[in-house]
2 protein chains.
Amino acid sequence: MQLSSKIIEQAVESFAQLPGVGRKTALRYVLHVIKHDTQQANNLSKLITQLKTDLKFCERCHNISEQVICEICSNPTRDSSTICVVQDYRDVLAIENTGLYKGAYHVLGGLISPLEGITPSNLNIESLVSKLAGGDVNEIILALNTTMEGETTGFYIFRKIAPYSVKLSTIARGIAVGDELEYADEVTLGRSITNRVPFDSLLKK
Amino acid sequence: MQLSSKIIEQAVESFAQLPGVGRKTALRYVLHVIKHDTQQANNLSKLITQLKTDLKFCERCHNISEQVICEICSNPTRDSSTICVVQDYRDVLAIENTGLYKGAYHVLGGLISPLEGITPSNLNIESLVSKLAGGDVNEIILALNTTMEGETTGFYIFRKIAPYSVKLSTIARGIAVGDELEYADEVTLGRSITNRVPFDSLLKK
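Only a predicted model underlies this, so the values are computations on that prediction, with no experimental measurement involved. (Residues numbered from 1 in each chain as written. Chains lettered and ligands numbered in written order. Predicted model: local features only at pLDDT ≥ 70, side-chain atom pairs only at ≥ 80, totals over all residues. Heavy atoms only, no water.)

### Considerations on the packing of aromatic side chains
The description of an aromatic ring pair uses the distance of the two centres, along with the angle that the planes make with each other.
Residue and element names in this part refer to chain B.
Then step 1. Scanning the entire structure with this criterion turns up 5 aromatic pairs over all chains.
Then step 2. Taking the centre distance of 5.2 Å and the plane angle of 65° together, the rings of tyrosine 101 and tyrosine 105 count as edge-to-face.
Then step 3. A relative accessible area of 13% means that tyrosine 101 is categorised as buried.
Then step 4. Owing to a relative accessible area of 1%, tyrosine 105 belongs among the buried residues under this scheme. (Phe/Tyr/Trp six-rings, centres within 6.5 Å; stacked < 30°, edge-to-face > 60°. Buried < 20%, exposed > 50% of the residue type's maximum accessible area, 1.4 Å probe, protein only.)

See below:
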């Protein structure tokens, strides 16, 4: 698709760098910006620069934060001896929205993936291990995707923290609430039987 | 979804105003911007404002343009006595990319749609009719979508330009090149039979 204007061409290129956006979708966005009011466009433009200037990564847990230490890490009511290890910011949001977790987090910034060229050194794994050296951490909970990359990363962390006396757990895999057994895959169903829980644990929620 | 940062929240709101973008997709875009280099973000930000400052609508055909009169309208080799009426900029692009049309355009800026509150007065129809008053226009080609809105707009224009002695045609509806007859719908197949063309017209292309 040949575009008639250089500015439109550049804007399409720029929008097309966003994840999952091709040139056609990018052009839709560009035309939307052109057609709608200047206020809306200026607002979006300003916020994009602000994302880069005003946000940083928390020095303790590597979560996205407006301060040097994020709100979760600096909250004294949260249990910093329990660390939930997640892939990225969205997983922190998802777990926070359950309202059931009161510990700290550690954001890896990705998962080990040789295909995409992501090695352990690209991830925040060393800083996790160094947290254990202090001896203040009791439990590490792995909350990673059940994909090849997630499992690989999990095993890598498991090996890395083996020398320390810390409890390592992983979030439960099983049948999603509301799902029907007959449509569940064998692996999930198998794991949910192996890791069955006492029935009265349901009554606490 | 509750977001922890006000800037992220505002940026998500702003991205979610783009067509077809919900809050989850907007958050993906925001995280992409945060994670990738500042150069890329500044570029996108600058181009969004530039779209509003540097682009205008051509005074003659209402197409998006960097000049007051667009490149197509100001091109002396194009036949300004033939006007192709389209819904928006993307249709101009699509027709230009065929390389088979050498006339001028007239961009309506939308289609009549009572449901969306778009009436003829919201569209560039009056300026089309006023072009005919000069008597320099020989043919108007309607290249509108085959939807309820497209057909309504077509009939409205047909009535509006009836007083003028100008040829009015519409692009051919028929079986797409490469399509199989048995999968075509009846309306399309019916129209393609009614509007059959001499076989030797194929040989010219």
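Once the structure has been displayed, the description carries forward.
### Things to note about the packing of helix 2 (residues 23-35) of chain A against helix 3 (residues 38-54) of chain B
Then step 1. Interaxial distance between helix 2 of chain A and helix 3 of chain B falls to 9 Å at its minimum, and their mutual angle equals 50°. When the interaxial angle is binned, helix 2 of chain A and helix 3 of chain B end up oblique. Where helix 2 of chain A crosses over helix 3 of chain B, the handedness of that crossing is right-handed. On the side of helix 2 of chain A, the interface is formed by Val30(A), Val33(A), Ile34(A) and Lys35(A), while helix 3 of chain B contributes Ile48(B), Leu51(B) and Lys52(B).
Then step 2. When the residues that make up the contact of helix 2 of chain A with helix 3 of chain B are grouped by side-chain class, the tally is 5 nonpolar, no polar and 2 charged. (Axes fitted to C-alpha atoms, helices over the stretch in contact; angles between N-to-C directions. Helix = DSSP H or I, 4+ residues; strand = E, 2+ residues; numbered from the N terminus. Parallel < 35°, antiparallel > 145°, perpendicular 65-115°, else oblique. Left-handed = near helix turned anticlockwise from the far one by under 90°. Contact = heavy atoms within 4.5 Å. Nonpolar A, V, L, I, M, F, W, Y, C, P; charged D, E, K, R; others polar.)

### A word on the relation of the copies chain B and chain A
Then step 1. Overlaying chain B on chain A yields an RMSD of 0.1 Å, the required transformation being a rotation through 180° with an accompanying axial translation of 0.0 Å. These values place the two chain copies in the arrangement generated by a two-fold rotation axis. Identified as the residue of chain B closest to the rotation axis by C-alpha distance is Ser45(B), at 2.1 Å.
Then step 2. Here 100% of the interface residues in chain B have copies in chain A that are interface residues too; the copies meet face to matching face. (Least-squares fit on C-alpha atoms with pLDDT ≥ 70 in both.)

### What about the interface of chain B and chain A?
When the parts of a complex come together, some accessible area is lost, and that lost area is often taken as the interface size.
Then step 1. Taken together, the contacts link 52 residues of chain B with 52 residues of chain A.
Then step 2. Summing the contributions of chain B and of chain A, the shared interface buries around 5,100 Å²; its carbon and sulfur component is 69%.
Then step 3. Broken down residue by residue, the surface that chain B buries against chain A is led by Ile7(B), Leu51(B) and Lys52(B), which jointly contribute 13%.
Then step 4. Residue Asp88(A) pairs with Lys35(B) through a salt bridge whose shortest N-O separation is 3.7 Å.
Then step 5. Our enumeration of links across chain B and chain A arrives at 16 residue pairs in polar contact (both at pLDDT 80 or more).
Then step 6. Broken down by secondary-structure element, the contributors of at least two residues to the side of chain B that touches chain A are helix 1 (6-15), helix 2 (23-35), helix 3 and helix 4 (89-98) of chain B. (Buried area = accessible area lost by both parts, 1.4 Å probe. Salt bridge = Lys/Arg side-chain N within 4 Å of Asp/Glu carboxyl O. Polar contact = N/O pair within 3.5 Å; in protein donor to acceptor, adjacent residues only side chain to side chain.)

### Quick word on the domain arrangement of chain A
Then step 1. Examined at the domain level, chain A breaks down into domain 1 (6-54) and domain 2 (75-171).
Then step 2. For domain 1 of chain A versus domain 2 of chain A, the separation of C-alpha centres amounts to 34 Å. (Domains from an automatic or database assignment.)

### Quick word on helix 4 (residues 89-98) of chain A
Because each turn of an α-helix spans 3.6 residues, side chains separated by three or four positions end up pointing in the same direction.
All names here are of chain A.
Then step 1. Listed as buried for helix 4 are Tyr89, Val92, Leu93 and Ile95.
Then step 2. For helix 4, the side-chain oxygen to backbone nitrogen distance between the N-cap and arginine 90 is 3.1 Å, and the N-cap itself is aspartate 88.
Then step 3. Phi turns positive one or two residues past the end of helix 4, at glycine 99, with a value near 70°.

### Concerning empty space enclosed by the protein
Over the atoms a probe the size of a water molecule is rolled, and this reveals where empty space is left.
Then step 1. In this structure the tally under the stated criterion is 2 cavities of 30 Å³ or more.
Then step 2. In this structure, the largest cavity occupies an estimated 80 Å³ of space.
Then step 3. Taken together, His32(A), Val33(A), His36(A), Asp37(A), Gln40(A), Ala41(A), Leu44(A), Ser14(B), Gln17(B) and Leu18(B) form the lining of the largest cavity.
Then step 4. Residue assignment for the lining of the largest cavity shows that the elements contributing at least two residues are helix 2 and helix 3 (38-54) of chain A.
Then step 5. For the lining of the largest cavity, the leading source of residues is helix 3 of chain A, giving 3 residues. (1 Å grid on protein atoms, 1.4 Å probe; cavity = no way out; pocket = protein on both sides within 12 Å on 5 of 7 lines; lining within 4 Å. Points joined across faces, edges and corners; volume = space filled by probe spheres on them.)

### Quick look at the side chain of Ser81(B)
All names here are of chain B.
Then step 1. Of note, serine 81 is situated in strand 3 (residues 79-86).
Then step 2. A polar side-chain atom of serine 81 sits 2.6 Å from a polar atom in the side chain of aspartate 79.
Then step 3. With sequence-adjacent residues up to four places away left out, serine 81 is seen in contact with Asp136, Val137, Asn138 and Glu139.

### Let's talk about the pattern of salt bridges
Then step 1. This structure, assessed with the given rule, holds 16 salt bridges over all chains.
Then step 2. When the shortest N-O distance is used, the salt bridge between Lys167(B) and Glu139(B) registers 3.9 Å. In this pair, Lys167(B) is assigned in strand 6 (residues 167-170) and Glu139(B) in strand 5 (residues 139-142), connecting sequence segments 28 residues apart.
Then step 3. For Lys167(B), a relative accessible area of 53% corresponds to the exposed category.
Then step 4. Judged by its relative accessible area of 19%, Glu139(B) falls in the buried class.
Then step 5. Counted as one network, the salt bridges with shared partners bring together Glu9(A), Glu13(A) and Arg23(A).

### Quick look at the sheet that holds strand 5 of chain B
Residues and elements named next belong to chain B.
Then step 1. One open sheet accounts for 4 strands, arranged 4-3-5-6; its pairing is parallel. Every interior strand has two partners, whereas the edge strands, strand 4 (103-107) and strand 6, have only one. Within the sheet, the average angular offset between the axes of one strand and its neighbour, ignoring direction, is 25°.
Then step 2. Two elements, strand 5 and strand 6, share 4 bridges in a ladder whose sense is parallel. Looking across to strand 6, one finds that leucine 142 is bridged to threonine 170.
Then step 3. Running at roughly 160° to strand 4, helix 4 makes contact with strand 3 and strand 4 of the sheet.
Then step 4. Strands strand 3, strand 5 and strand 6 of the sheet are contacted by helix 6 (residues 148-161), whose axis makes an angle of about 165° with strand 5. (Pairing = 2+ DSSP bridges.)

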